[in-house]
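Here is what each chain is made of, one letter per residue.
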Amino acid sequence: MRRHARRWLACLALLASAGISDAQSSIASVDPLSIADDDFARQRDPAIWRGLAVQRIVFTEGAATWRFWRISNTAQPDGPLWVVTHDNENATFAAALNAVKSWGGVAMVVDTGPSDTRYAARFNADVAGTPIDPNRHFFDANPGFVARMLADLGDPPRLIVALHTNSPDFDPNLSDCPAARPGRGAISVELCNSRYQPRAARVRVWPFDDADSLMLLPFLNGRARRSAPCSALLAQTDANLVFERVAISDGSLSNYAAQHGLAYVNIETEERGSTDSGIALARDRLVNMIDMVMQRCGPVPGVALRVARGR
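The structure displayed is predicted, hence computed values, not measured ones. (Residues numbered from 1 in each chain as written. Predicted model: local features only at pLDDT ≥ 70, side-chain atom pairs only at ≥ 80, totals over all residues. Heavy atoms only, no water.)

Student: Hey, could you run me through the nonpolar core in this one?
Tutor: Looking at soluble globular proteins, one finds that nonpolar side chains tend to be buried together. W49, I71, W82, L163, M215, I267 and I290 are the most contacted members of the largest nonpolar core, which totals 45 residues. Filtering out sequence-adjacent residues up to four positions away, M215 remains in contact with F208, L234, A239, N240, L241, V242, V265, N266, M289, M292 and V293. Membership of the second largest hydrophobic core comes to 25 residues, among which are F138, M149, Y256 and Y264. (Core = buried A, V, L, I, M, F, W, Y, C linked by side-chain atoms within 4.5 Å. Buried < 20%, exposed > 50% of the residue type's maximum accessible area, 1.4 Å probe, protein only. Contact = heavy atoms within 4.5 Å.)

Student: Explain the packing of helix α4 (residues 90-103) against helix α8 (residues 276-297) here, please?
Tutor: A pair of packed helices is characterised by two quantities: the angle between their axes and the separation of those axes. Where α4 contacts α8, the axes come no closer than 8 Å and their chain directions differ by 40 degrees. Classified by the angle their axes make, α4 and α8 are oblique. The element α4 and its partner α8 pack so that their crossing is right-handed. Here N90, A91, T92, A94, A95, N98, A99 and W103 of α4 come into contact with α8, specifically with I279, A282, R283, L286, V287, I290, D291, M294 and Q295. The class makeup of the residues in the contact of α4 with α8 is 11 nonpolar, four polar and two charged. (Axes fitted to C-alpha atoms, helices over the stretch in contact; angles between N-to-C directions. Helix = DSSP H or I, 4+ residues; strand = E, 2+ residues; numbered from the N terminus. Parallel < 35°, antiparallel > 145°, perpendicular 65-115°, else oblique. Left-handed = near helix turned anticlockwise from the far one by under 90°. Nonpolar A, V, L, I, M, F, W, Y, C, P; charged D, E, K, R; others polar.)

Student: In this structure, what is going on with the side chain of Q76? I would like to understand it.
Tutor: Here Q76 shows up in the loop between β3 (64-73) and β4 (81-84). A polar side-chain atom of Q76 sits 3.0 Å from the main-chain carbonyl oxygen of D78. (Polar contact = N/O pair within 3.5 Å; in protein donor to acceptor, adjacent residues only side chain to side chain.)

Student: Mind showing me how you'd approach the environment of D210 here?
Tutor: Its location among the elements puts D210 in the loop between β7 (196-199) and β8 (214-220). Measuring from C-alpha to C-alpha, the distance between D210 and N240 comes to 8.9 Å, with 30 residues separating the pair along the chain. Each residue touching D210, except ones within four places of it in the same chain, is listed here: N240, T269, E270, R272 and R285. At 3.4 Å, the side chain of D210 and the side chain of R272 are in polar contact.

In structure tokens form, the structure reads like this:
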């Protein structure tokens, strides 16, 4: 694992400068209280942003122009790399903000526009051609995108924690398991096939009373699933776990991390809409799972939890 990570770090310097001139990219500090964006509008309390710095990253690679928010904990820079790739999954932004404030590190957030309540906000439409799903864009053939999203990994690489919400239940056509509650999602602890290998919680205590609340751990094809970073520690908990066997990459960050020897955990819960109450319900489940992952897989000395418990 460490050998692969060192190899990735050596590649990162090359990726960062590949094919993108300074004229095609910019980075600027911004005031989070004045940003005209739905995610930031929901977080206007100055106390939320105390100790955090926000930067706007814009660059063009090929036919696509990308916009990221970089949110860093200035007091505790050592911590995970929190990643939010889908702008329409609004509870993930709120959870990432809580996480970077509580556990330190840096959050990288894909921005596809100021309004994020429509499904179209999931994709980057600022492209000559078909809109791009950011979580299907992690290929070495997209060096500018990858290098900027992962620029803060550091040496040795820090833990990557991706945050997602998902559609309820799952499409039974995707699973080799009987579907107790057939739905339209593509991931659940009740879905199983050659790619996804679930291990459901036994007691199903909140937040794991919901089959769509889970932690996903990727591992390389041909290896045991216990080779996934932190899998042994999380397997000791009564959590919903899904092990993802990675063969040919689908462009997701989980696949990229597995193939490049990077420690990665994906935390997911059911999408509950963009109302304040819906976002809060999904955010609290994500925060609970974040705490569980960090307490076992990536503790940061001297950082106290400051996030709300409960539902």
